[in-house]
Amino acid sequence: MTNEADRMDKEEEEDSSDDGSASGEDGADDDDDEELILLLQARLQTCGGRDYDAHVQLIKCLKDHGELKKLEKARQAFSGIFPLTEDMWLGWISDEGRLAVSDTEHAKITGLYERSIADYETPKLWEHYMNYCQKRCKEREDNDPAKNKLLSESRAVAERALCKMGSHFSEGQRLWELQRSFEMDILDCLGGGDSAQLSRVRQCFVSQIATPARGIQSAWQMYQKWEEEPAMLEATQPTIEKHSATNAEREAHEAAITATSVTATTLLPAWQAFIAFEERQISRCSSGTANILLRTPSVHAAKERDRVRCVYERFVLQCCLYPSVWQGYADWEMAGPEPSRAQAIYKRALRNCPFSADLWAAYALFVEGTADFSHAGGGDEETTVESVYVAAAADISYYSPTTLRQLSMARCDYIRRRFLRLVPGGVAGSNNTGVEQARTCVREEFVQLAAALSAKNDEPGARAVQLYLGELEALVFHNAARALLVWEPALKSCTDDAQSWLTVVDVLRTIRQVGQARVLLKRGCNVLQLVSRDQPQGITPEAMVAYVARWVELERREGDVESYKVALAKYASIAHLIPLPAASAQEGKRGRAKKVEGEVEDPAKVARREEVMKKWAERKAAAEAGCDATATGPGAKRGREEEGVESHSKKAKSGDDATGEGNASEKSVKNDVNASSGCSLFVQNLAPTLSDEVLRSHFEQFGQVVACRVVKDKSGAAKGFGYVDFVAAEAVVFALAAEGALLQLSGRVLEISRARPLKADAANKEGASSKTLFVSGIAPTVARETLRLLFSSTDHQVADVRMMRDREGNPRGFCYIEYSSTDGAAQGLIKDK
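Residues numbered from 1 in each chain as written. Predicted model: local features only at pLDDT ≥ 70, side-chain atom pairs only at ≥ 80, totals over all residues. Heavy atoms only, no water.

A. Quick look at the packing of helix α7 (residues 146-165) against helix α8 (residues 172-189). At a minimum axis separation of 9 Å, α7 and α8 run at an interaxial angle of 155 degrees. With respect to their mutual orientation, α7 and α8 come out roughly antiparallel. As for how α7 packs across α8, the hand of that crossing is left-handed. Of the residues in α8, those touching α7 at Leu151, Ser154, Arg155, Ala158, Ala161, Leu162 and Met165 are Gly172, Leu175, Trp176, Gln179, Phe182, Glu183 and Ile186. Looking at side-chain class alone, the contact of α7 with α8 contains nine nonpolar, three polar and two charged residues. (Axes fitted to C-alpha atoms, helices over the stretch in contact; angles between N-to-C directions. Helix = DSSP H or I, 4+ residues; strand = E, 2+ residues; numbered from the N terminus. Parallel < 35°, antiparallel > 145°, perpendicular 65-115°, else oblique. Left-handed = near helix turned anticlockwise from the far one by under 90°. Contact = heavy atoms within 4.5 Å. Nonpolar A, V, L, I, M, F, W, Y, C, P; charged D, E, K, R; others polar.)

Set out below in structure tokens:
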């Protein structure tokens, strides 16, 4: 007995020691969790609550500890900054629902549901909301006075849910069935003979059938069994047949956006195709007849817009971190009958994407565009816009400080517009106290913006703000002296930014300070050259040549003969920085310099000239015989597009040459030689009435012109493009480097590129492959740089993109992509496939 008692005592001691150790471990875990909670709270306080992951971790820790008051406070803070997910909202509502008894507590849950659908409108959230309202209604006795109020609230929520998500193609049927079941239960309680309730049930059936989505066939079958009036069934039959056709297309779109193999690159186009399909239904409804169940075309179109809106809601739910998706949604609403809806979308977008400077700038512009500054309280509107920029700067500074410059420039635009609203025209030379105070306010804000960018080590951004302020001083405040003082410190740091120098020069020319513009051009040239010589990463040779070309242009238009010669000499001294194409290096000297007396001409040049003349004669003979000798080889179709119109232009010109203006054959030979040697330009976007003489006189500013022709069709109407042949290849380089007013003619901005060598040369080379791709099916809104980026790769860069336009200057939907090698073109074909 004694041994047994000793054994039991020993086991009790071990058990007590185990319990002590377990409680000690729990205490240690509690201490660790409390330390983690404190750490997370400090982390959130440091970043102003902008750490999403810290919020999630804090809420989880507080929920595990059961600290309900702290948990609610943490959830409130989280939801005030970020949108909560569907599961987060439902978890919060579920926790609050367990304790809800009084009307006040139920009102709190209703408020949580409203906030949840303000973040993301999903069928699941609306379904829970409808269930909650219906459950509260059913719990009340029939003689309870509050039941009618709850019933009205439940139906109001259901109506909103069905309007928002009833058209959800794959999940909307659940909402319809839930509401129909609720109304049928009420009808059963009333004995089945209440006419008003019968109408409600019938309306549930009819409205679901009128909404194209999955489940309408089953709803139709149930309706056929329930409905006792044949006339109603007969009226509904056409709707079913109509939706059967469109639902097949919707099924295809649904499969594209829900495929398991979908990636980011295929997801966005799939959603956009779905939205485009639904938008087409709107246009059909607006122009077609009304649906018999929806009474009028306008009501039908509104229903169709609700369906497009539903697709957009699904889109932003799946791609909530894509600013462009939110922007597309807001743009769509702004283009519709209720543009004010876009404001709520922007607010939701910025809760999801507070890191996007583009979204913040677009929202600020929207707020400014919809504000009414005309009334006496316009200052309140300005304060509202200012608050948007302040909030934007705080978020951008934390999430993506590298884009703060973009936001700052948008704010500079706003400050300028605000000043002009207050002081229209800037009131040149005014000493009015109010006007001067407004100018001082603008200057202080610009200084603050520049300082904020400097604090983020964005010196180029701070310099851009200073340059902007200088423009305001010169163009808006009409104070050239102060503008120069503002520009001076900014230009001192412009050691590798030629564009900043040129921007200041353009402003000075605008206010007719030509002398100061000349001084800055020369000074900038010296600074840029000095830095590019000492630092390999400085300004590129192409940019340097373009800069000096602007200097030449200024002297040609504004200076005297001596200053013009100085600029030309400077250009000649640096033109060699840009290497000429191989053909130009071998043959281009013939057009650039006269033959020295007594010098023996290179036999290779003579042979080349004879070869070109022979080819020209053969092509002319073939053209007269009615067949195109150059249309051979794999590039024939593409070659005929340009060479055919060129040949027609030459024949037309030779026909008009009877007045003795020159020998057409000699000009054609020169053109062929220049095209082969890189001395020709291809010019697009010409005005329909532009003549050869006007085109020639415009391009003579770049160098001596051999020939100039505007291509025309058989009726003699200009086709919107042409060719310019220079004596020297440097003129082509000069023209390609030009920009701004140099490329404006007859109110149009010219598009220029090097003319391609003759197709006959390429076709006669053994085994030659094309360096140029023909690309068709291009949307009118696609820019040249977009195509250049699309077809370029690390190994093969695009040398030129030639966008073809009609005589009105509109894109024709195709272009030519030219690479520096045939390998690049082959790679481009692989990319296209």
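So that's the structure; there's more coming.
B. Looking closely at the sheet that holds strand β1 (residues 680-684). Across the sheet, which stays open at both edges, the four strands sit in the order β2-β3-β1-β6 with antiparallel pairing between neighbours. Looking at the sheet topology across the chains shown, the edges are occupied by β2 (705-712) and β6 (751-754). Strand after strand, the sheet turns through a mean of 20 degrees between neighbouring axes, direction not considered. Strand direction decides the pairing type here: β2 and strand β3 (residues 718-726), joined by six bridges, are antiparallel. The partner of Lys712 across the bridge, within β3, is Ala718. Contacting β1, β3 and β6, helix α32 (residues 729-737) runs over the sheet at an angle of about 145 degrees to β6. (Pairing = 2+ DSSP bridges.)

C. Structural view of a nonpolar patch on the surface. The grouping of Leu321, Tyr322 and Phe355 at the surface amounts to a nonpolar patch, some 270 Å² of accessible area in total. Turning to its location among the elements, Leu321 is positioned in the loop between α13 (297-318) and α14 (323-334). Exposure remark for Leu321: the relative accessible area of 53% places this residue in the exposed category. (Patch = residues over 30% accessible without salt bridge, like charges linked within 9 Å, V, L, I, M, F, W, Y side chains within 5 Å. Areas by Shrake-Rupley, 256 points an atom, 1.4 Å probe, with all protein chains shown as cover. Salt bridge = Lys/Arg side-chain N within 4 Å of Asp/Glu carboxyl O. Buried < 20%, exposed > 50% of the residue type's maximum accessible area, 1.4 Å probe, protein only.)

D. Molecular detail of the nonpolar core. With 62 residues, the main nonpolar core has Phe315, Tyr346, Leu407 and Phe446 as its most contacted residues. Looking at this core element by element, the count peaks at nine residues for helix α16 (residues 357-370). Residues in contact with Phe315, not counting those within four places in the same chain, are Leu268, Trp271, Gln272, Ile275 and Val325. Membership of the second largest hydrophobic core comes to 56 residues, among which are Ala567, Ile574, Phe702 and Ala738. (Core = buried A, V, L, I, M, F, W, Y, C linked by side-chain atoms within 4.5 Å.)

E. Broad picture of unusual backbone geometry. Located in the positive-phi region is His478, a residue other than glycine, with phi close to 60 degrees. Positive phi values are uncommon outside glycine, yet Arg512 reaches one of about 65 degrees. Along the chain, Arg512 falls in the loop between α22 (498-510) and α23 (514-534).

F. Structural context of helix α3 (residues 68-81). Here α3 spans 20 Å end to end across 14 residues, near enough to the 20 Å set by a 1.5 Å rise per residue. The complete set of buried residues in α3 reads Leu71, Ala74, Arg75, Phe78 and Ser79. Each buried residue of α3 lies within a common arc of 125 degrees when the element is viewed along its axis, so the set occupies one face. Of the exposed residues in α3, the ones pointing more than 90 degrees away from its buried face are Lys69, Lys73 and Gly80. In the core, the buried residues of α3 are packed alongside α2 (52-65), α4 (86-97), α5 (103-119) and α15 (341-352). (Expected span 1.5 Å × (residues − 1). Arc of directions from axis to C-beta.)

G. Structural context of the pairing of β1. For β1, the tally of buried residues reaches five of five residues, placing the bulk of the element in the interior. Neither face of β1 is left uncovered, since the one carrying Ser680, Phe682 and Gln684 and the one carrying Leu681 and Val683 both have all their residues buried. In terms of strand pairing, β1 meets β3 through five bridges, oriented antiparallel. Within β3, the position partnered with Ser680 by the bridge is Asp725. Relative to β6, β1 is paired through four bridges, and the arrangement is antiparallel. Within β6, the position partnered with Gln684 by the bridge is Glu751.

H. The pattern of salt bridges, seen in detail. Within the structure shown, the criterion is met by 53 salt bridges. Here Lys108 ties to Glu72 by a salt bridge, and the two come within 2.4 Å at their closest N and O atoms. Taken together, the positions of Lys108 in helix α5 and Glu72 in helix α3 put the pair 36 residues apart, joining distant regions of the chain. Judged by its relative accessible area of 34%, Lys108 falls in the partly exposed class. One salt-bridge network, in which partners are shared between bridges, spans Glu436, Arg439, Arg443, Glu473 and Arg482.

Function-wise, these values are silent; they only describe arrangement.
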